[in-house]
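What follows is the residue order along each chain.
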Amino acid sequence: MNTVMKVKSNLLQILHLDRTYSLLTGKNAKFVFEFFKLLDIHGTGSLNDVQFYHFLNAITNLGKSEIYKVFDMLDVDGSGDIDYDEFYLVICILIAIKDKQEKQFIYRHSRTVFDLLDEDGSNSVSAEEFKNFGFLFNFHSDAVKAIFEEFDISGDQV
């Protein structure tokens, strides 16, 4: 999969991550929370898969299967919904992509990124898991292979 994720939302163009911590400022986090509440049309405090699909479809160039992969990856608590914390994370990732700060974001939030990529919960990220979700950080298949080889401390290449 060689999709280069693009953020096509004017709304996100005004938001930027703090360069030191790769997080939103308090003011911007409040703005994102108010936006989340607008998207939460059922008032449940979360977005279901359909709401999340339409949100990402409107602001990125990802296809349906990729959007649902992102949904499943971000639904870390297995609730079947995306709550504000999970939404905040995807917004930060999108802003990092927009600002071409993916590497800095991954560096600052390496544990969170690792947990997202560790699809099977094995406490290791296989080459397949890394390849399946590399598109979220705009890693092409060649880059995924090079990065995985560099960080494969077990040397098992799986």
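1. Structural notes on the overall build of the protein chain
Okay, so step 1: In terms of regular secondary structure, the protein chain is built from 9 helices and 2 strands.
Okay, so step 2: Secondary structure elements of the protein chain, listed N to C terminal, follow the sequence α-α-β-α-α-β-α-α-α-α-α.
Okay, so step 3: Across the 158 residues of the protein chain, 43% fall into the buried class.
Okay, so step 4: Contacts in the protein chain between residues at least 24 apart in sequence constitute 58% of all its contacts with a sequence separation of at least 6.

2. Looking at the environment of Asn10
Okay, so step 1: The topology assignment puts Asn10 in helix H1 (residues 10-13).
Okay, so step 2: Given the relative accessible area of 67%, Asn10 is considered exposed.

3. What to know about helix H5 (residues 84-98)
An α-helical turn contains 3.6 residues, so a residue and the one three or four places further along point in the same direction.
Okay, so step 1: The terminal C-alpha atoms of H5, which comprises 15 residues, lie 21 Å apart, in line with the 21 Å expected from a rise of 1.5 Å per residue.
Okay, so step 2: The element H5 is largely enclosed, with a buried count of 14 among its 15 residues.
Okay, so step 3: Its side-chain oxygen at 3.2 Å from the backbone nitrogen of Asp85, Asp83 defines the N-terminal cap of H5.
Okay, so step 4: In the stretch just after H5, Lys100 is the one whose phi turns positive, near 55°.

4. As for the packing of helix H3 (residues 49-59) against H5
Okay, so step 1: Packing of H3 against H5 leaves a shortest axis separation of 13 Å and a crossing angle of 15°. The orientation of H3 with respect to H5, classified from their angle, is roughly parallel. Judged by the twist between their axes, the crossing of H3 over H5 is right-handed. Residues Phe52, Phe55, Leu56 and Ile59 of H3 form the contact with H5, whose own contacting residues are Phe87, Val90, Ile91 and Leu94.

5. Points about the side chain of Asn28
Okay, so step 1: Among the secondary structure elements, Asn28 is positioned in helix H2 (residues 26-39).
Okay, so step 2: The exposure class assigned to Asn28 is buried, which follows from its relative accessible area of 17%.
Okay, so step 3: Sequence-distant contacts of Asn28, defined by excluding residues within four places in its chain, comprise Leu15 and His16.

6. Overview of the nonpolar core
Okay, so step 1: The biggest cluster of nonpolar side chains holds 40 residues, and the ones touching the most others in it are Leu24, Phe52, Phe87 and Ile91.
Okay, so step 2: Looking at this core, the elements with two or more residues in it are H2, H3, helix H4 (64-74), H5, helix H6 (102-108) and helix H7 (110-117).
Okay, so step 3: The greatest single-element share of this core, amounting to 12 residues, is contributed by H5.
Okay, so step 4: Aside from chain neighbours lying at most four places away, what touches Leu24 is His16, Leu17, Ala29, Val32, Tyr88, Ile91, Cys92 and Ile95.

7. So, the confidence of the model for the protein chain
Okay, so step 1: Taken over all residues, the pLDDT of the protein chain has a mean of 82, while the share at 70 or more is 79%.
Okay, so step 2: Across the protein chain, element-level confidence peaks in strand E1 (residues 46-47) with a mean pLDDT of 96 and bottoms out in helix H9 (residues 141-151) with 66.

8. Re the packing of aromatic side chains
Remark: the centre distance and the inter-plane angle together describe each pair of aromatic rings, the angle taken between the planes.
Okay, so step 1: One pass over the full model with this rule turns up 10 aromatic pairs.
Okay, so step 2: With a centroid separation of 5.9 Å and an interplanar angle of 55°, the aromatic rings of Phe35 and Phe55 are classed as tilted. Here the residue Phe35 occupies a position in helix H2, and Phe55 occupies one in helix H3, the gap between them amounting to 20 residues.
Okay, so step 3: Looking at Phe55, the relative accessible area reads 5%, which means it is buried.

9. Topic: the packing of H3 against H4
Okay, so step 1: The N-to-C vectors of H3 and H4 enclose an angle of 125°; their axes lie 10 Å apart at closest approach. When the axes of H3 and H4 are compared, the pair comes out oblique. Remark: the crossing between H3 and H4 carries right-handed chirality. Between H3, through Asp49, Val50, Phe52, Tyr53, Leu56 and Asn57, and H4, the contact on the second element is made entirely by Lys64, Ile67, Tyr68, Val70, Phe71 and Leu74.
Okay, so step 2: Among the residues forming the contact of H3 with H4, the class breakdown is 9 nonpolar, 1 polar and 2 charged.

Parameters at a glance
- Think of each chain on its own: its residues are numbered from 1, step by step along the sequence as written.
- Owing to the predicted nature of the model, reporting of local features is limited to residues with pLDDT of at least 70; listing and counting of side-chain atom pairs is limited to 80 or more, with chain, interface and lining totals taken over all residues.
- Values shown for side chains rest on all heavy atoms present in the structure; no hydrogens or waters enter the calculation.
- Strands here are runs of E lasting at least two residues and helices are runs of H or I lasting at least four, both read from the DSSP assignment and numbered beginning at the N terminus.
- Residue exposure (1.4 Å probe, protein chains only): buried if accessible area is under 20% of the type maximum, exposed if over 50%, otherwise partly exposed.
- Residue contacts are counted whenever heavy atoms from the two residues lie within 4.5 Å of one another.
- One less than the number of residues in a helix, times 1.5 Å, gives the span that helix is expected to have.
- In protein, a polar contact means a hydrogen-donor-capable atom and an acceptor-capable atom, both N or O and within 3.5 Å, with residues adjacent in sequence counting only if both atoms are side-chain atoms; elsewhere, any N or O pair within 3.5 Å suffices.
- Here, axes are lines fitted to C-alpha atoms. For helices the fit covers the stretch in contact, and angles between N-to-C directions go from 0 to 180 degrees.
- An angle counts as roughly parallel when it lies under 35 degrees, as roughly antiparallel when it exceeds 145, as roughly perpendicular when it falls between 65 and 115, and as oblique in every other case.
- By definition, turning the near helix anticlockwise from the far helix through less than a right angle yields a left-handed crossing, and turning it clockwise yields a right-handed one.
- Only buried Ala, Val, Leu, Ile, Met, Phe, Trp, Tyr and Cys residues count toward a nonpolar core, and they belong to the same one when joined by side-chain atoms within 4.5 Å.
- Known as pLDDT, the predictor's confidence for each residue is given on a scale from 0 to 100.
- Two aromatic rings from Phe, Tyr or Trp, using only the six-membered ring of Trp, form a pair when their centres are within 6.5 Å; if the ring planes differ by under 30 degrees the pair is stacked, by over 60 it is edge-to-face, and anything between is tilted.
- Gly falls in the polar group here, along with every residue not listed as nonpolar (Ala, Val, Leu, Ile, Met, Phe, Trp, Tyr, Cys, Pro) or charged (Asp, Glu, Lys, Arg).

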